Amino acid sequence: MFEKIEKFDKIRVWKGEKTGWHRYTYGIAGEMFFRKLMEKKFVAGKCPECERLFIPPRIYCEDCFVEIKEFVEIKELPRVYSFTFLFKDLEDNLLKEPEIVVFLKWDNIEGGLIHRLKEVNIEDVNFGLVVEPVFKEKPEGNINDILYWRPKK
Amino acid sequence: MHFPQKVAVLGAGLTKFMRRAQETPKELAFEAAKMALDEAGLTIDDIDAVVLVTAPDAFDGVHMNGEYLADGAGGSKKPYMRSFVGGGSGVFGIINGWYHIASGHFRTCLVVAEEKMSSSMPHPQGTFNAIYDQFTERPLGVNLLWIFSLEMNRYMSVHKVPLETIALVAKKNKKNGLDHPCTQAGIAGDYTVEEIVNSEIMCWPVTRLMVSTVSDGAGALVLASEDFAKKVTDKPIWIEGVGWCLDTSYWTNRDLYYPKYVEYAARMAYDMAGIKDPRKEIHVVEPYDPFAYKELHHLEGLLLADKGEAPKLLEKGFWDRDTETGIPSSPSGGLLGVGNPIAAAGLMKVAEIFWQVKGTAGKRQAKREVKRGLAQAWGDLMQVGTVVILGK
Amino acid sequence: MEFKGKSLKDRDFKEKNILYTDWHVKAHYAWDCGVALSKFFEGLKEGKLYGRSCPECGRVVIPPRMFCELCFKPTDKWVLLKDEGRINTFSVSYVNTDASRREKPNVPAVIEIEGASEGMGILHLVAHPEKIEWENLEEVLSMIKIGTKVKAVWKPSNEREGAITDIKYFVPVKEE
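Counting restarts for each chain: residues are numbered from 1 in the order of the written sequence. Each chain takes a letter, starting from A, and each ligand takes a number, starting from 1, following the order in which they are written. In view of the model being predicted, local features appear only for residues whose pLDDT reaches at least 70, and side-chain atom pairs are presented and counted only at 80 or more, with totals across whole chains, interfaces and linings using the full set of residues.

Caption draft 1: Representation of the overall build of chain C within the structure. Secondary structure elements are defined from DSSP: runs of H or I of at least 4 residues count as helices, runs of E of at least 2 residues count as strands, and each element is numbered from the N terminus. Check the secondary structure of chain C and you find three helices and 13 strands. For the radius of gyration, the atoms used are the C-alpha atoms, and the globule rule reads 2.2 Å times the number of residues raised to 0.38. Its C-alpha atoms give chain C a radius of gyration of 22 Å, more than 25% over the compact-globule value 16 Å for 176 residues. On the principal axes, the C-alpha backbone points of chain C span a range of 65 × 45 × 40 Å. Out of the 176 residues in chain C, the part that is buried amounts to 31%. By definition, residues are in contact whenever their C-beta atoms, placed on the basis of the backbone, come within 7 Å of each other. Long-range contacts, defined here as pairs at least 24 residues apart, represent 53% of the contacts in chain C between residues at least 6 apart. Exposure classification rests on a simple neighbour count of other C-beta atoms within 10 Å of a residue's own: a residue reaching 20 or more is buried, one at 12 or fewer is exposed, and one in between is partly exposed. C-beta atoms are placed from the backbone.

Right, here's the structure in full:
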């Protein structure tokens, strides 16, 4: 039914691009979380029904589906819940030293944060390692206000 | 046709419609869904399945936006489905929710519609333009207004409708929108025909006041089976008919003056509802009105007026909210009077029919008795019609 | 009933009253033109407009396609069409592709192509026959109506690349 293409210079492509960009607000819960982060504090949302805490906080508990109005400061430090070592950058170049990406969780709190781990020997990275944040001098209200995490001193 | 279960609507919820909302898409979805559950007197534990509608991912700027929204829409750990037919999505979601229950498979279904268009910068136009064919159309330097103004000119010319008459739709809907609690700031108002016709020309014959705006917002409806509904309410509102139809995307090969696909969708819904004479049996209607002429175009496609007659009826006040002998059309204020967060705008129309039939539309309540109403949405490449009929 | 939503103003972003983050993504595509449109674009390069016909319903369609969407059968013949037609509908646009304002309008139109079946249109632009650029709405409306006959104005053959823009635009022509 279709004509056989014998000359490949007859295969045509049309090139184009998707233009535009995106601007995201942090939302009601996100605004509060990052404002507190600028003060070097971590807050969790507390569900009035199941009483679980959530980080990052949200304005609803997705299981009870009720509004969350209570936000509490978390003073404890999180632990490494999982980790991975990156040896190459996005362009496939070998990194000088491996980058460590960790998933951090606080005890008895739902959720957690993905971030960088530094000032540590690779051999010492393990599940349960307690870590502390190193903050940027001038916070801007985003996740990179934490420069990285390191083992608690 | 026989379906195992009749389907009732138990509650509706909306957020305000806004040019820029602070809430994230998830937060908007939650607020609307929670409100709908509250009106229904239910909790999330009563919900068996969730349907979510949102237009292209590129508006919210979240890839796989349906999955992203799942928890905010109440879909966490539940059978969850996202569907999408562009502007037709708001009503299409209700149709999808309907067959979840009509099939007998679920007792209840929460339908959520969300859109946060303000995320798309510098203007959502860049996303809209992607609807055009990338080979034969986009290289011409298209914008979304073209396709509407081309269709509007065709409609006006075939039926010889003056611009001033089409402006009456914007006048009516923008005035109705003054009474809607979710109306986007700066949209509703008491405009004169002159102001509407003489507002800035966007893409002739479309002027600025004949176009709906970019919006953020969400809406939700709680649907339930007859067995379930009768346990929680004495006066359920029923989904009596649903219909949908999609025409070819070769839009330059169709005569744009008449939306045949809307007619097919409407006929399907009327048949299901056992409606023989829609002009007598439909008491209030919410046709999709992203542009002023679209309301007239759709009223004709819905067979509520003969071809070319909707504008004449408009001049006589037949579609006014306080009509006693006509059919109130867009008593909510519609997309022109409330705002147009695409998928959420279509759902807002179903919510309006729900409240109108229930008799709780407040200041917006139609003057005549309302036992049955119809909501319709439209979208894709001048291509899809989606229809829902609600009744007592 | 309480309807929720916190509305922001442009000011809130400028004055940094709220937190936000921007994301720039570059998405580049190379779309294969496919069988029908590859031939169509080859034709444009030679200054020819091709349609395609359906053996079942006999329609000659443009833009060409390898299937008839009505009969759902393969189309089977290439048909050379004229590079002229009639305006099925048109508009007068003061808005650019990026939503910015144009000072002077352009005129997108659906043009029914001579030689194709009735109602077979393509989207293109209509220009002023002498000055190319239109002055304003009134000028367009004084020269163009639905049904007006138009003819393609081609790029010089050495500038054509096998694209819809090988036709620069259509211009209204006098009826014979």
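Caption draft 2: Just the overall build of chain B, in detail. For chain B, the helix and strand inventory stands at 15 helices and twelve strands. Compactness check: chain B gives a C-alpha radius of gyration of 19 Å against a globular reference of 21 Å for 392 residues, within 12% of the reference. With the C-alpha coordinates aligned to their principal axes, the bounding extent of chain B is approximately 55 × 45 × 35 Å. Expressed as a percentage of the 392 residues in chain B, the buried residues total 68%. Long-range contacts, defined here as pairs at least 24 residues apart, represent 77% of the contacts in chain B between residues at least 6 apart.

Caption draft 3: Quick look at the interface of chain C and chain A. Taken together, the contact pairs 24 residues of chain C with 23 residues of chain A. Contributions of two or more residues to the side of chain C that touches chain A are made by strand E1 (20-23), strand E2 (27-32) and helix H2 (34-45) of chain C. Counting residues per element, the side of chain C that touches chain A draws most heavily on E2 of chain C, at six residues. Here the term charged refers only to Asp, Glu, Lys and Arg, the term nonpolar to Ala, Val, Leu, Ile, Met, Phe, Trp, Tyr, Cys and Pro, and the term polar to all other amino acids, Gly among them. Residue composition of the side of chain C that touches chain A, grouped by class: 14 nonpolar, five polar and five charged.

Caption draft 4: Looking closely at the sheet that holds strand E7 (residues 77-81) of chain C. All names here are of chain C. Here, a strand pair is defined by DSSP locating no fewer than two bridges between the strands. If you walk across this open sheet you meet the three strands as E4-E3-E7, and the pairing is antiparallel. Pairing within the sheet leaves two strands with one partner each, and these edge strands are strand E4 (60-61) and E7. Summarising the sheet, strand E3 (residues 49-53) and E7 pair through five bridges and their orientation is antiparallel. Among the inter-strand pairings, Gly51 is bridged to a residue of E7, identified as Val79. Helix axes are fitted to C-alpha atoms over the stretch in contact, other axes to C-alpha atoms as well, and angles between N-to-C directions run from 0 to 180 degrees. Across the sheet, H2 lies against E3 and E7, angled at about 150° from E3, the strand it touches most.

Caption draft 5: Highlighting the interface of chain C and chain B. Across the boundary between the two partners, chain C contributes 40 residues, which contact 44 residues of chain B. Elements with a contribution of two residues or more to the side of chain C that touches chain B: strand E8 (84-90), strand E9 (92-95), strand E10 (101-113) and strand E11 (121-126) of chain C. Looking at the side of chain C that touches chain B element by element, the count peaks at five residues for E11 of chain C. Residue composition of the side of chain C that touches chain B, grouped by class: 25 nonpolar, eleven polar and four charged.

Caption draft 6: Broad picture of the sheet that holds strand E5 (residues 120-121) of chain B. Spatially, three strands are ordered E5(B)-E2(A)-E1(C) in an open sheet, and the strand pairing comes out antiparallel. Of all strands in the sheet, those with a lone pairing partner are E5 of chain B together with E1 of chain C, marking the two edges. The pairing of strand E2 (residues 21-25) of chain A with E5 of chain B spans two bridges and is antiparallel. In the strand pairing of E5 of chain B, His22 of chain A is matched with Ser120 of chain B.

Caption draft 7: Seen up close, the nonpolar core. By size, the foremost hydrophobic cluster in this structure holds 197 residues, and its most contacted members are Ala36, Val112, Leu221, Leu223, Phe354 and Val388 of chain B. Considering each element in turn, this core owes the most residues, twelve residues, to helix H15 (residues 342-358) of chain B. Membership of the second largest hydrophobic core comes to six residues, among which are Val80, Val102, Leu104 and Leu117 of chain A. We define the nonpolar core as any set of buried residues of the types Ala, Val, Leu, Ile, Met, Phe, Trp, Tyr and Cys, connected via C-beta atoms lying within 7 Å of each other.

Caption draft 8: Geometry of the environment of Ala310 of chain B. All names here are of chain B. For Ala310, the position within the fold is in helix H13 (residues 310-315). In this structure Ala310 comes out as buried when scored by C-beta crowding, with 28 C-beta atoms within 10 Å. Along the backbone, Ala310 and Met272 are 38 residues apart, and their C-alpha atoms lie at a distance of 25 Å. If near-sequence neighbours (up to four positions away) are discounted, Ala310 is found in contact with Leu296, Leu299, Glu300 and Ala305.

Caption draft 9: Molecular detail of the packing of helix H4 (residues 89-102) of chain B against H15 of chain B. Residue and element names in this part refer to chain B. Put simply, H4 and H15 touch, their axes get as near as 6 Å, and they point 60° apart. Each of Ser89, Gly90, Val91, Gly93 and Ile94 in H4 lies in contact with H15, whose residues at this interface are Ile342, Ala343, Ala344, Ala345, Gly346, Leu347, Lys349 and Val350. For the contact of H4 with H15, the per-class residue count stands at eight nonpolar, four polar and one charged.

Caption draft 10: Representation of unusual backbone geometry in the model. The linkage connecting Ile55 of chain A with the following residue, Pro56 of chain A, adopts the cis geometry, with an omega of -10°. Here Pro56 of chain A lies in the loop between strand E4 (53-55) and strand E5 (70-74). Looking along the chain, the bond that leaves Ile62 of chain C and enters Pro63 of chain C is cis, with omega of 0°. Along the chain, the position of Pro63 of chain C falls in the loop between E4 and strand E5 (67-68). Unlike most non-glycine residues, Glu51 of chain A shows phi in positive territory, near 65°. In this fold, Glu51 of chain A is placed in the loop between strand E3 (42-46) and E4. Phi angles above zero are rare outside glycine, and Phe65 of chain A is one such case at about 50°. In this fold, Phe65 of chain A is placed in the loop between E4 and E5.

Caption draft 11: Region of the structure containing the environment of Asp83 of chain C. All names here are of chain C. If you trace the backbone, Asp83 turns up in the loop between E7 and E8. We classify Asp83 as partly exposed; it has 19 C-beta atoms within 10 Å. Here the alpha-carbon distance between Asp83 and Ile113, two residues 30 residues apart in the chain, equals 7.1 Å. Setting aside chain neighbours within four positions, we find Asp83 in contact with Leu49, Lys151 and Ala152.

Caption draft 12: Seen up close, the packing of helix H7 (residues 163-176) of chain B against helix H12 (residues 292-301) of chain B. Residue and element names in this part refer to chain B. Two elements in contact, H7 and H12, have axes whose closest approach is 7 Å; the angle formed by their N-to-C orientations is 100°. Viewed along their axes, H7 and H12 adopt a mutual orientation that is roughly perpendicular. Here Ile166, Ala167, Val169 and Ala170 of H7 lie close against H12, whose contacting residues are Ala292, Tyr293, Glu295 and Leu296. The residue inventory of the contact of H7 with H12, partitioned by class, reads seven nonpolar, no polar and one charged. Comment on the angle field: the value is read as roughly parallel under 35 degrees, roughly antiparallel over 145, roughly perpendicular from 65 to 115, and oblique elsewhere.

Caption draft 13: Fine view of the pairing of strand E7 (residues 94-105) of chain A. Residues and elements named next belong to chain A. Examined bridge by bridge, strand E6 (residues 79-88) and E7 share eight bridges and lie antiparallel to one another. Bridging across to E7, Phe83 finds its partner in Val102. Counting the residues between successive antiparallel strands, the hairpin from E6 to E7 contains five residues, one of them, Asp92, with a positive phi of roughly 75°. Relative to strand E9 (residues 113-117), E7 runs antiparallel, the two sharing five bridges. The residue of E9 that forms the bridge with Leu104 is Leu113.

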